[in-house]
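Observations on the model geometry
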Amino acid sequence: MAQSIPKTQKAAVFTKNGGPVTIETVPVVQQKDLKRGELLVKVIYSGVCHTDLHAMLGDWPLDNKLPLIGGHEGAGYVWLADSCLKCNFCIKGQESVCKSAENSGFQYASFARHVTPIPDGLPPDQAAPILCAGVTVYKALKQAALTPGDTVAIPGAGGGLGHLAVQYANAMGYKVIAIDTSDEKEQLCKSLGADSFIDFKKTKDIVKDVQALTKSLGPQAAVVAASGGAADELGLEYVRSYGALVAVGLPPNAKISADVFFTVFQNKRVVGSYVGNRTDAIEALDFAARGKVKTFYKIEPLEALPDIYRRMHAGQVTGRIVLDLGNQ
C-alpha cells in the first residue's frame, strides 16, 4: 500500500540573514502541485554543511531566498537542483556553473534529472554527506591532477569535507598531510589514513613543517577544505614547483594574494573547484559503497540545529553532523 503524503512537517526556518533559526510546522508539497520534472523525496537524514551556515548568516556575495529552509545534503538529494543540460557548460559536465542552475538548499528543491541513486547496501545516514561534502572533495582531488604516490596537503582535514578528502586521497593512492587542530582531529585523521598531521595552532612555521615532510620540496597539491581564508595563501606558498592549490572551502570575503613572479617562475597553479557533476556524484558514492570511504558523523535531532551552527562557527565540530529527519 502506498504511503500517504503528509500535509505538514517540521522544518528549521530562518526569515532573515543571521537568524534566528526556528523549528516550525510547514506545508508539504503535494503530488498535484509538482511541476514537470520535479521529484518529491522523503529525506530521512541530512548532513549539516558549512554552506547551510553561510546561507543562514548571509555572508556570501549571493542572494538567498527568504524565508529559507536550509539543507542540500539529504540522502537522495544532490547539491544541484536543476540545470539546462544544453549549454556549453552542461555539455562539458560542468552543470554546477550553468547560468540557468537552481541550487537546492539555497533557493529551490530538487528535480528528478539531478537525483543520484544511492547504491544498495549504503545506509542513508552514511550516504547523505557524500552527496555534497564527498563529491566536492572527490572532484577537487581530480582537479589537482595528481599521480598515485604524490603527496597532497589537506587543511581542514578534521572537518566535514576534510575527513572525507583524507579518505578519498588515500583510496586514490596519494600520501596525505593532514592539517587541523586538536588531539581529537589528529586521532581521526590518522585513523582514516593520513600519513602525518600538523596542528596549525602549535606549529611555529607551517610552511617549513609541511615542506619538511616532503624532503623540503613541498606537496604536489594542497586541497584546502578549511573555512579560514589564510589556509589558501599558505597552501600556495608551500606547494612545490608545478604544484597546485585547489581552493574548496568558501570563507566569506577571503582573498588569495599571490606573488606573480614566483607563481610564474615555479609554475604553480591556482584552481577553484566547486562541487561536482552527476558522474562525480555516482563515482563518489561508489567509493563509499565499496567501503573505501566512510563518513565519521554524529546523529542529532533537527531541534539541535541552532546549536550545531554555533559549534560549526566556532570550529568545534569534528567530522560531520547528520540530522535525523525520519520523524519530522
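Scroll up a little and you will see the structure.
Basis of the calculations
- Residues numbered from 1 in each chain as written.
- Predicted model: local features only at pLDDT ≥ 70, side-chain atom pairs only at ≥ 80, totals over all residues.
- Heavy atoms only, no water.
- Pairing = 2+ DSSP bridges.
- Helix = DSSP H or I, 4+ residues; strand = E, 2+ residues; numbered from the N terminus.
- Right-handed = clockwise from strand over helix to strand, strands pointing away.
- Salt bridge = Lys/Arg side-chain N within 4 Å of Asp/Glu carboxyl O.
- Buried < 20%, exposed > 50% of the residue type's maximum accessible area, 1.4 Å probe, protein only.
- Phe/Tyr/Trp six-rings, centres within 6.5 Å; stacked < 30°, edge-to-face > 60°.
- Lys NZ or Arg CZ within 6 Å of the ring centre and 35° of its normal.
- Axes fitted to C-alpha atoms, helices over the stretch in contact; angles between N-to-C directions.
- Parallel < 35°, antiparallel > 145°, perpendicular 65-115°, else oblique.
- Left-handed = near helix turned anticlockwise from the far one by under 90°.
- Contact = heavy atoms within 4.5 Å.
- Nonpolar A, V, L, I, M, F, W, Y, C, P; charged D, E, K, R; others polar.
- Core = buried A, V, L, I, M, F, W, Y, C linked by side-chain atoms within 4.5 Å.

What follows covers the pairing of strand β13 (residues 269-272). Here four bridges tie strand β12 (residues 244-247) to β13, and the two strands are oriented parallel to one another. When the bridges of β13 are listed, A244 appears paired with R269. A crossover connection joins β12 to the parallel β13 through helix α8 (residues 260-265); in handedness this β-α-β unit is right-handed.

This structure, assessed with the given rule, holds 14 salt bridges. The partner of K142 in a salt bridge is E283, with the nearest N and O atoms 3.1 Å apart. Residue K142 is located in helix α3 (residues 124-143), and its partner E283 is located in helix α9 (residues 278-289); the two are separated by 141 residues in the primary sequence. Classification of E283 by relative accessible area gives partly exposed; the value is 28%. Overlapping salt bridges bring together K298, E300, D307, R310 and R311 as one network.

On inspection of all chains with the given rule, the structure shows five aromatic pairs. Their ring planes at 40° and their centres at 5.5 Å tell us that Y138 and Y168 sit as a pair that is tilted. Residue Y138 is found in helix α3, and its partner Y168 is found in helix α4 (residues 162-171); the two are separated by 30 residues along the sequence. Of the two residues, Y138 and Y168, both sit in the buried class. Consider the rings of F261 and F262, whose centres lie 5.1 Å apart with planes at 85°: the pair is edge-to-face. Look at F262 and you get partly exposed, because its relative accessible area is 42%. Put simply, the rings of Y138, Y168 and F287 pair up and form one aromatic cluster. Sitting over the face of the ring of F287, R290 holds its NZ or CZ atom 5.2 Å from the ring centroid.

Packed helix pairs are specified by the crossing angle of their axes together with the interaxial distance, meaning the distance between the axes. Close contact between α3 and α4 brings their axes to 9 Å; oriented N to C, the two are set at 50°. If you check the angle between α3 and α4, you find them oblique. The element α3 and its partner α4 pack so that their crossing is right-handed. Contacts between α3 and α4 involve P129, I130, A133, G134, V137, Y138 and L141 on the former and, on the latter, L164, A165, Y168 and A169. Here the contact of α3 with α4 is built from residues that sort into 10 nonpolar, one polar and no charged.

The next point concerns the sheet that holds strand β4 (residues 68-69). Strand order in the open sheet made by the three strands is β2-β1-β4, with antiparallel pairing throughout. For this open sheet the edge positions go to β2 (22-27) and β4, each flanked by a neighbour on one side alone. Pairing analysis gives six bridges linking strand β1 (residues 8-14) to β2, with the strands arranged antiparallel. Its bridge partner lying in β2, K10 is registered against T25.

Let's shift gears to the nonpolar core. In terms of nonpolar packing, the biggest core is built from 44 residues, with I130, L141, V152, I154, Y168 and V246 touching the most fellow members. Looking at this core, the elements that each hand over two or more residues are α3, β8 (151-155), α4, β9 (175-180), α5 (183-191), β11 (221-224), β12 and α9. Tallying contributions element by element places α3 first for this core, with nine residues. Leave out the neighbours within four places in its chain, and Y168 touches I130, G134, V137, Y138, L141, A284, F287 and V293. Core analysis: the second largest hydrophobic core is formed by 19 residues, V21, M56, L302 and V317 among them.

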